[in-house]
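Reading the structure
Read off the chains here:
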Amino acid sequence: MPLQSLDITRRSATTSPSPTVREQTKVAKLIDISKCIGCKACQSACMEWNDLRDTVGDTSGVYDNPRDLTDESWTVMRFFEVEPNGKLEWLIRKDGCMHCADPGCLKACPAPGAIVQYSNGIVDFHQENCIGCGYCVTGCPFDIPRISKQDNKAYKCTLCSDRVSVGLEPACVKTCPTGAIVFGSKEDMIVHADERIADLKERGYDNAGRYDPAGVGGTHVMYVLQHADRPELYNLPKDPQISPLVSLWKGVGKPIALLALAAAAIGSFFHYVKVGPNEVEDEDEERVRDAGRAKQSV
Amino acid sequence: MRSNLIERYRAEDRINHWVIAITFILLALSGLALFHPAMFWLTNLFGGGQWTRILHPFVGVLMFVAFAWMALKFWQHNMLVDNDRRWLRQWRDVVSNREEQLPEVGRYNAGQKLLFWVMVACMAVLILSGIVIWQPYFAPAFPITLIRIASLLHALAAFVLILGIIVHIYAALWVKGSIGAMTRGTVTRAWARKHHPAWYREVAGDR
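Residues numbered from 1 in each chain as written. Chains lettered and ligands numbered in written order. Predicted model: local features only at pLDDT ≥ 70, side-chain atom pairs only at ≥ 80, totals over all residues.

**Side note on the overall build of chain B**
Regarding its fold elements, chain B presents nine helices and two strands. Helices and strands in chain B line up, N terminus first, as β-α-α-α-α-α-α-α-β-α-α. Seen through its C-alpha atoms, chain B measures out along the principal axes to roughly 60 × 35 × 30 Å. Out of the 207 residues in chain B, the part that is buried amounts to 31%. Intrachain contacts of chain B at a sequence separation of at least 6 include 63% that bridge at least 24 residues. (Helix = DSSP H or I, 4+ residues; strand = E, 2+ residues; numbered from the N terminus. Buried ≥ 20, exposed ≤ 12 C-beta atoms within 10 Å, placed from the backbone. Contact = placed C-beta atoms within 7 Å.)

Set out below in structure tokens:
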């Protein structure tokens, strides 16, 4: 949130260009699922840094706690017991905002400046501009934003934009005890991911790979998956993209609709100018009057 | 009432019409504000973005109820007949003020009838899709794909409705003597005879 306006490259519901003179290095957070032990230190660090204390919920009999992302829980460990190759695997994925290069939330948002994208790639919500319409939820391909029941504003992971802006790594990265979460330039993170993938392949995970889906222009939160061919094992969409329904609604639809409405109004005016009003003529009046008199005299 | 005037709308129908008209204007302005960034400034008319988001659906329910009452009252006058199809085929005569060449019109002409049914369809789509995307009360209960479909349909139906109302308002300005029907409730005998001859015969006898 406190990043300088000079670093904002995209702003929701804004059609004019953002400042472009300064370009920051693209950053990325890399989450290596093969190294995650599910300790939830990242969840705690997130709460602590962002000063959030979610209401204590109840357990559903699995390790997921809280059960889902909320307006006050911006990251959640999700636990999956799967048997991809006939043997049990316990996959643990840290869920949260993916910071898409082409963010569906930003595309759908109707409030100017409620959602911004910094030139380093971070997508951030500015709650003071949020109107609580929920369009970001509608636009997100990953089901991330949550609307607060208290203030009706949308919340999600900020990738610790405040920390990153002063040269620190996100709180979850700082706390991760196994090094499963790392942070740096996106370029470096891709190199690091490739090393990890090579290592996993040596250990028999033939389909290990990086999750950085091209459908949303790539993401600034990436995963190393043991089974990159089957992201659905981790409850990740296989080929996420902004829904065509949303693209139609908040993409091509809106300028065309506005133009058509303006054309109808202006066209009506020119019709009037061309053919003039449709008026009752004097002879119509007379005909009615004559008929009236004729009837009276009968 | 002066003898050259005849009643077209009763007071209750006129009041209802203007309730719909006022709520429609509020809805169109607040809806467009959230539809296109170039229109977002319209939220200032409603006390800001948050208030626009809060008020729009409630006003929408009011418009729907008022319109439903009107539709139930007038649908029978809006059934399309053979003459109407001919009237529509001769649309060139309609827009060129060559009314004398058109088939005889009753209480409503084919254009008005068509607009009536378009509005019925739009209102139905708007209220249903509107409930699906209504934050914070109803939207959380619906699956995301349905919310996406509803968002698109809501915008589409609103677009068609606004387009229809632009035509409706223009027609009232273009055909002189029409506005009095909805303000005072009356039209002149000559107006009725010229634009709605079959209806005129019905209400005024054989004149």
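**Description of the overall build of chain A**
In terms of regular secondary structure, chain A is built from eight helices and eleven strands. In terms of C-alpha radius of gyration, chain A reaches 28 Å, well past the compact-globule figure of 19 Å for 298 residues. Projecting the C-alpha coordinates of chain A onto the three principal axes gives extents of approximately 110 × 50 × 40 Å. When the 298 residues of chain A are sorted by exposure, 41% land in the buried category. Put simply, of all contacts in chain A between residues at least 6 apart along the chain, 63% involve residues at least 24 apart. (Rg over C-alpha atoms; globule rule 2.2 N^0.38 Å.)

**A look at the packing of helix 7 (residues 244-275) of chain A against helix 6 (residues 144-174) of chain B**
Remark: helix 7 of chain A packs on helix 6 of chain B, axes separated minimally by 10 Å, with the N-to-C direction vectors making an angle of 0 degrees. One finds that helix 7 of chain A runs roughly parallel with respect to helix 6 of chain B. Listed contacts from helix 6 of chain B to Leu245(A), Val246(A), Leu248(A), Trp249(A), Gly253(A), Ala257(A), Ala260(A), Leu261(A), Ala264(A), Ala265(A), Ser268(A) and Tyr272(A) of helix 7 of chain A are Arg148(B), Ile149(B), Ser151(B), Leu152(B), Ala155(B), Phe159(B), Ile162(B), Leu163(B), Ile166(B), Tyr170(B) and Trp174(B). Residues belonging to the contact of helix 7 of chain A with helix 6 of chain B are distributed by class as follows: 19 nonpolar, three polar and one charged. (Axes fitted to C-alpha atoms, helices over the stretch in contact; angles between N-to-C directions. Parallel < 35°, antiparallel > 145°, perpendicular 65-115°, else oblique. Nonpolar A, V, L, I, M, F, W, Y, C, P; charged D, E, K, R; others polar.)

**Focus on the environment of Gly130(B)**
All names here are of chain B. Relative to the elements of secondary structure, Gly-130 occurs in helix 5 (residues 110-132). Taking the C-beta count within 10 Å as the criterion, Gly-130 has 22 such neighbours and is therefore assigned buried. Residues Gly-130 and Val-203, spaced 73 residues apart in sequence, show a C-alpha to C-alpha distance of 41 Å. Each residue touching Gly-130, except ones within four places of it in the same chain, is listed here: Pro-57, Gly-60 and His-154.

**Considering the interface of chain B and chain A**
If you look at the interface, chain B gives 40 residues, while chain A gives 41 residues. Of all the secondary-structure elements, those providing two or more residues to the side of chain B that touches chain A are helix 1 (11-35), helix 2 (49-74), helix 6 and helix 8 (189-195) of chain B. Taken together, the residues that form the side of chain B that touches chain A break down as 22 nonpolar, ten polar and eight charged.

**With respect to the nonpolar core**
One broad trend across soluble globular proteins is that nonpolar side chains are buried collectively. Counting residues in hydrophobic clusters, the biggest one holds 96 residues, and the most contacted among them are Ile33(A), Cys109(A), Ile115(A) and Cys136(A). The biggest single contributor to this core is helix 6 of chain B, with eight residues. Residues contacting Cys136(A), with those up to four places away along its chain left out, are Cys105(A), Ala108(A), Cys109(A), Ile115(A), Pro145(A) and Ala154(A). Grouped together as the second largest cluster of nonpolar side chains are nine residues, Val280(A), Ala181(B), Val187(B) and Tyr200(B) included. (Core = buried A, V, L, I, M, F, W, Y, C linked by C-beta atoms within 7 Å.)

**A closer look at the packing of helix 1 of chain B against helix 2 of chain B**
Residue and element names in this part refer to chain B. Between helix 1 and helix 2, whose axes approach to 9 Å, the crossing angle comes to 145 degrees. In the packing of helix 1 onto helix 2, the handedness of the crossing is left-handed. Here helix 1 contributes Asn-16, Val-19, Ile-20, Thr-23, Phe-24, Leu-26, Leu-27, Ser-30, Gly-31, Ala-33 and Leu-34 to the contact with helix 2, which in turn contributes Thr-52, Leu-55, His-56, Val-59, Gly-60, Leu-62, Met-63, Ala-66, Phe-67, Trp-69 and Met-70. Looking at the contact of helix 1 with helix 2, its residues break down into 15 nonpolar, seven polar and no charged. (Left-handed = near helix turned anticlockwise from the far one by under 90°.)

**Here we look at the pairing of strand 4 (residues 89-95) of chain A**
Extensive coverage of strand 4 of chain A is indicated by the burial of five of its seven residues. In sequence, strand 3 (residues 76-82) of chain A turns back onto strand 4 of chain A through a hairpin of six residues, with Gly86(A) there showing a positive phi of about 80 degrees. (Pairing = 2+ DSSP bridges.)

**What about unusual backbone geometry?**
Residue and element names in this part refer to chain A. Each neighbour pair has its own omega, and for Asn-65 with Pro-66 the value is -5 degrees, a cis peptide bond. For Pro-66, the position within the fold is in the loop between helix 1 (41-50) and strand 3. With phi around 50 degrees, His-99 is a residue other than glycine that occupies positive phi space. The residue His-99 is located in the loop between strand 4 and helix 2 (104-108) in this model. Judged by the 28 C-beta atoms lying within 10 Å of it, His-99 is buried. At Leu-159, a residue that is not glycine, the phi angle is positive and equals roughly 55 degrees. What makes Leu-159 buried here is the crowd of 29 C-beta atoms within 10 Å.

**Topic: the sheet that holds strand 6 (residues 123-125) of chain A**
Residue and element names in this part refer to chain A. Here we have three strands laid out as an open sheet, ordered 1-5-6, and antiparallel in their pairing. In this open sheet, the two strands that pair with only one neighbour each are strand 1 (8-11) and strand 6. Averaged over neighbouring strand pairs, the angle between their axes works out to 30 degrees when direction is ignored. Inspection of the sheet shows strand 5 (residues 115-118) paired to strand 6 by three bridges, in the antiparallel sense. By the bridge assignment for strand 6, Ile-115 is matched with Phe-125.

**A look at the confidence of the model for chain B**
On average, residues of chain B carry a pLDDT of 95, and 98% of them reach 70 or more. Of the two predicted TM-score estimates for the complex, the pTM is 0.93 and the ipTM is 0.92. (pLDDT = per-residue confidence, 0-100.)

**Section: the environment of Gln112(B)**
Among the structural elements, Gln112(B) can be located in helix 5. The spacing of Gln112(B) and Leu27(B) is 85 residues in sequence and 22 Å in space, taken between C-alpha atoms.

**Some words on the sheet that holds strand 9 (residues 181-185) of chain A**
Residue and element names in this part refer to chain A. Pairing is mixed across the open sheet formed by four strands, whose spatial order is 9-2-11-10. Whereas interior strands pair on both sides, the edge strands pair on one side only; in this sheet they are strand 9 and strand 10 (209-211). Shown here is a sheet whose adjacent strand axes are inclined to one another by a mean of 25 degrees, direction ignored. Pairing between strand 10 and strand 11 (residues 221-225): three bridges, direction antiparallel. Paired with Tyr-211 across the bridge in strand 11 is Tyr-223. The strands that helix 6 (residues 186-202) touches are strand 2 (27-32), strand 9, strand 10 and strand 11; relative to strand 9, the one it contacts most, it runs at about 135 degrees.

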